[in-house]
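Here's the letter readout for the chains.
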Amino acid sequence: MLSNLFRKKRIDDLLNQHGQGQLKKTLGAFDLILLGVGAIVGTGIFILPGTVAASHSGPAIVFSFLIAAFVCALAGMCYSEFSSAIPVTGSAYTYGYVVFGEIIAWFVGWALVLEYGLAAASVATGWSSYLISLLEGLNISIPNALSGPFNPAEGTFMNLPAILIVLIISYLLTLGMQESAKVNRIMVFVKVGVILLFIVVGMFYVKPDNWQPFMPFGIEGVVSGAALVFFAYLGFDAVSSAAEEVKNPQRNLPIGIIGSLLICSLLYIAMSLVLTGITPYTTLNVSNPVSFAIDLVGQDWIAGIISLGAVTGMMTVILVMIYGGSRLLFAIGRDGLLPKVMSKINPKHNTPVINTWIFGIVIAFCAGFIPLGTLAELVNMGTLIAFTIVSLGIIFLRRNKNILLSNGFKVPFFPVLPILSFLACLFLMTQLSIKTWIACGIWFVIGLVFYFLYGRKHSTLNEIK
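The rules behind each value
- Residues numbered from 1 in each chain as written.
- Predicted model: local features only at pLDDT ≥ 70, side-chain atom pairs only at ≥ 80, totals over all residues.
- Heavy atoms only, no water.
- Helix = DSSP H or I, 4+ residues; strand = E, 2+ residues; numbered from the N terminus.
- Rg over C-alpha atoms; globule rule 2.2 N^0.38 Å.
- Buried < 20%, exposed > 50% of the residue type's maximum accessible area, 1.4 Å probe, protein only.
- Areas by Shrake-Rupley, 256 points an atom, 1.4 Å probe, with all protein chains shown as cover.
- Phe/Tyr/Trp six-rings, centres within 6.5 Å; stacked < 30°, edge-to-face > 60°.
- Lys NZ or Arg CZ within 6 Å of the ring centre and 35° of its normal.
- Salt bridge = Lys/Arg side-chain N within 4 Å of Asp/Glu carboxyl O.
- Expected span 1.5 Å × (residues − 1).

- Where an unreviewed UniProt entry is consulted, the protein appears under the name Amino acid permease, with the organism given as Ureibacillus galli.

And the structure:
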């Protein structure tokens, strides 16, 4: 039984799964970069640079972003090597199946389902709040009963906008990845354009005196700030979920992962410098620091555009998270650990339509009826678990000579950088609250029960003698 728990997928079997459902290759490097930017840049860029600067880092938040970017780049390079060697959908779940075995893969997959699902639901809730605020500015109101999760004490019963946006994006994803990528491309251009507008206009109002003192909270403040802004980078791992739909994955996947991280790092750092230069960092501990700074310099017309950018930015995050989750469920279903309906592909659109709708409806329910505030931190735990497995997995990947079939990307300074990535992710996990660890433990117990009652018995590896 113990050997069955750690049985591994062979790379040859993964790369030649004909007849088990294959996704169409439609994505290039540029599509992947935009997919990554779409996943990473959400409301965080409009909120975190101000609030973290005010309470942790001061103007030295640029160093916080650099540290967080470095940690993410380490994990990103590990993802890039795996995606080059194993260009199959499933991301960290599939990589874990190859190097560690079935039970570890199941744990990672179960953690990622939590990450993608809760991230999409949380962002949909935030999108709803932003949309309601935007509509109120246009004298359009949504009934209070339909504007929040089920809470009769406050008169809210259903968050209708959150439900609708999740279902609309789920429908878009069922039409095919090429169509979804086109819509994502437009939305990414809009939100990056809004960010660049703020940077370009704001730089003319920068007062260098506002950058003094540059590091008011010392090194400790910069490091604690890095632990917070690290989560502004989450989402790039969803790019590796597209592996099976990528043309020339050995070349394009590393470009997509590392390229999106680089672009987002530059945007975050530039935004932080301009924001803390316009007004003293002590004034930025507000819910809308970017709009607040714009109001100070008298450029009210930009505030509405920033709201549009924030709403658009959140939509791309929801799209990529539902996409990543549906492809993960597709991979797990194809391996037999979930019911086979999860890996069924619609012949017309060449997408896993059924599992996309199942995942989307569950997310819509969570976003529409369940308060997600205390659960949002579980997104970070799910991500960091995947990062640690992938970082450690590179060492085992290099040792397995049967896997090195690719001349694609390789993590430099091996094994130092993968070990650094592993330790950095473990450190960030220790920064999460005890409530998060307990909730995560409960989620994994549920996952173990499902695996032993269903997954272990239906695994496709049972058919291999």
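Now that the structure has been shown, we can carry on.
A closer look at the overall build of the protein
Step number 1: When helices and strands are tallied, the protein shows 17 helices and zero strands.
Step number 2: Relative to a compact globule of 465 residues, whose C-alpha radius of gyration would be 23 Å, the protein shows 22 Å and is just as compact.
Step number 3: Expressed along its principal axes, the backbone C-alpha trace of the protein runs to roughly 70 × 50 × 40 Å.
Step number 4: Expressed as a percentage of its 465 residues, the buried residues of the protein come to 58%.
Step number 5: Of the roughly 18,500 Å² that the protein leaves accessible, carbon and sulfur atoms contribute 69%.

Here we look at the packing of aromatic side chains
Step number 1: Counted by the stated rule, this structure contains 23 aromatic pairs.
Step number 2: Seen from their ring centres, Phe65 and Tyr268 are 5.0 Å apart, and the 20° between their planes marks the pair as stacked. Linking Phe65 in helix H5 (residues 61–85) with Tyr268 in helix H11 (residues 249–278), this pair joins segments that are 203 residues apart in sequence. The pair Phe65 / Tyr268 is uniform in exposure class, with both members buried.
Step number 3: In this arrangement the basic side chain of Lys9 is found over the ring face of Tyr97, its NZ or CZ atom lying 5.9 Å from the centre.
Step number 4: Lying across the ring of Phe414, Arg398 places its NZ or CZ 4.3 Å from the centre.

Points about the pattern of salt bridges
Where charged atoms from two side chains of opposite charge come close, those side chains can pair.
Step number 1: Tallied over the full model, the rule gives six salt bridges.
Step number 2: One salt bridge connects Glu102 with Arg7, and the closest N-O pair in it is separated by 3.2 Å. Of the two residues, Glu102 sits in helix H7 (residues 102–137) while Arg7 sits in the loop between helix H1 (2–5) and helix H2 (11–15), which places them 95 residues apart along the sequence.
Step number 3: Residue Arg7 is classed as buried on the basis of its relative accessible area of 13%.
Step number 4: Measuring nitrogen to oxygen at the nearest pair gives 2.5 Å for the salt bridge that ties Asp31 to Arg185. In this pair, Asp31 sits in helix H3 (residues 29–40) while Arg185 sits in helix H9 (residues 177–202), placing the two residues 154 residues apart along the sequence.

Focus on helix H17 (residues 434–458)
Step number 1: For H17, spanning 25 residues, the distance from its first C-alpha to its last is 35 Å, which sits close to the expected 36 Å at 1.5 Å a residue.
Step number 2: When H17 is considered as a whole, its buried residues turn out to be Thr436, Cys440, Phe444, Gly447, Tyr451 and Gly455.

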